[in-house]
Each structure stands twice: as structure tokens, then as C-alpha cells.
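# Structural features, examined
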Amino acid sequence: MEFKAKYITPDIKLSCYDDKPFKTEVLFDQHMLVWFISGETKIIQGEAAFLFGPGDIFLIPRNQLATVINYPKDGLPHKTVVMHLSPERLRECYANLHIKPKAAVSGKIRCFNNHPLLKSCLASLIPYFEMQDPFPENIAAIKISEAVNILRTIDPEIDAVLTNFEEPGKIDLVTFMEKNFMFNMPLAKFGYLTGRSLSTFNRDFKKHFNTSPQKWLTQKRLELAHYEIGEKKRKPVDVYLEVGFEDLSHFSFAFKKHFGYSPTGLQ
């Protein structure tokens, strides 16, 4: 895969690649503000799915699991401008605003379509990626502050998202895993998101599910794939990435071993 990422600062990058579809499971420790230039991205987040293309602008909140599948399209590479909104940067932006604490809102992706203010802000970064000299830190801070102020202008709930600096606390393990089993993340990440160490996660998991996490995850992913192919008439090649498998041949092998017939046998 031909992947290129140009950083003008650690918080601002231009990413580009032009090979086959690329899937990744993400858990950002920073909010990600993304402007799409070309290509296509499908993001699956719990029970919601989003499809983004050229011109779209969206924010992926921190500490939220998501499956991201990126596609070059129409002969053009997958190309985006990404701004990382780190807790440190956001504390600086909000330091003098005296925002009253607000109730936390949904951690789902926030979509801004092709909003002209955000587009103007992010498009203005493009010329800087051709600079040979280091990008001035004070200008980077200004651009990030500009983006945050635009978000605050167009989204009345954004303060509750951007000023939530808390780390995940201990939550109900069964409810979380039933909603998020399709994300192919290390078990330590599942533990972190449920407020547990890895050893405590494994112990609590065995207590609630009476099996190991890996066996349970594989079974749940195969059952979801069976439903998507058998009931919703989707093709295996369009399903295996979304349900948590990395390789089509491995998915087909596991599916046949579990059900006794191949995925194509359902079609």
C-alpha cells in the first residue's frame, strides 16, 4: 500500500494513499477533525455506520471504538486533511472561556457536511504542506483555535464533547461487549474502555460469559456475518472487514469450520 502522510505539526497532517481498500480499528486518544478531499471512507461505530466522500467534514470523538475502511475511488487517491484536537490543545483553547460543566453527550461521530467555515479553515492548510521550512508553532495554535471556535459556533453541543477530559471509568462489561464485539482491538484496549486492567478484564469476562474473550469474540463475529450474508443478502467480501476479520480467506475458513458450510453457501 502506497501511504503518505505529511505533517506540518504533530497535530496537523495531510494523509494520502492510492492502493486497495484499507481497514483499521481505531481508538483515538485525541479528537480527530477530518476534511475529505478525495476517495471514500466507511466508519462503523457501535450500532451506527457512516459513509464519507469528497467535501465531507466530520469529528471522531476521542476514546470511542470505530472500524475505519478507506477506499481510493474514481481513479483518485484517498486523501484527507486531519487536525488532531488533543486534550492539551483544548485546555489551552478553553482556558479563558470559563465554560460551565455540561452533561456528556453521545460519543458518536459528528458530521458537518461541507460547512463553508470549516472548509475554509481546513483548506487554508493545504499550501503549508509544501513548505520546506518548519511550520511556526504559533500559527499552528492559531489554526487549531480557529477550528475550535468554528465548531463552537456551528454545534451547540460541541463544548460538552471537547471539554470532557475524563478517562473511561468502570462500566458494565456485558453491555459494552455486546455492542462492540465487532471491533478487532487488543484485549487490553477493551479492558481500558471498560475501566479494567487486562487481568481484571479477563477474570470478569470469564465470570460473565463462561468462556475466553477470543472464543466468544470469534463466535459473535461469525454469527453477525451469518446474519448479514444470509438475511441481508450481502456478499462475504463486503462483510468480513466490518465484522472484525482482517483476511477474507481466514474468515471463510473460520466460517466453514463453525457452521459446516462456506459463506457463499448462504447465497
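A brief report on the enclosed structure follows. (Residues numbered from 1 in each chain as written. Predicted model: local features only at pLDDT ≥ 70, side-chain atom pairs only at ≥ 80, totals over all residues. Heavy atoms only, no water.)

## Quick notes on the packing of aromatic side chains
- Inspection of every chain in the model, using the stated rule, returns 17 aromatic pairs.
- Geometrically, the ring pair formed by F52 and F58 is stacked, given 3.8 Å between the ring centres and 10 degrees between the ring planes.
- For F52, a relative accessible area of 6% puts it in the buried group.
- With a relative accessible area of 2%, F58 lands in the buried category. (Phe/Tyr/Trp six-rings, centres within 6.5 Å; stacked < 30°, edge-to-face > 60°. Buried < 20%, exposed > 50% of the residue type's maximum accessible area, 1.4 Å probe, protein only.)

## Quick word on the sheet that holds strand β5 (residues 40–45)
- Strand order in the open sheet formed by four strands is β3-β8-β5-β6, with antiparallel pairing between adjacent strands. Two strands bound the open sheet, and with one partner strand each, they are β3 (22–27) and β6 (48–52). When strand polarity is set aside, the average angle formed by the axes of neighbouring strands in this sheet is 20 degrees.
- When β3 meets strand β8 (residues 65–71), the two strands line up antiparallel, connected through six bridges. Looking at β8, one finds that E25 is bridged to T67. (Pairing = 2+ DSSP bridges. Helix = DSSP H or I, 4+ residues; strand = E, 2+ residues; numbered from the N terminus. Axes fitted to C-alpha atoms, helices over the stretch in contact; angles between N-to-C directions.)

## A short note on the pairing of strand β4 (residues 31–38)
- Along β4, seven of the eight residues are buried, which leaves the element largely enclosed by surrounding structure.
- Bridge count for β4 against strand β9 (residues 78–85) is seven bridges, and the pairing is antiparallel. Considered in β9, the bridge of F36 is made with T80.
- Relative to strand β7 (residues 57–60), β4 is paired through four bridges, and the arrangement is antiparallel. Paired with V34 across the two strands is F58, which belongs to β7.

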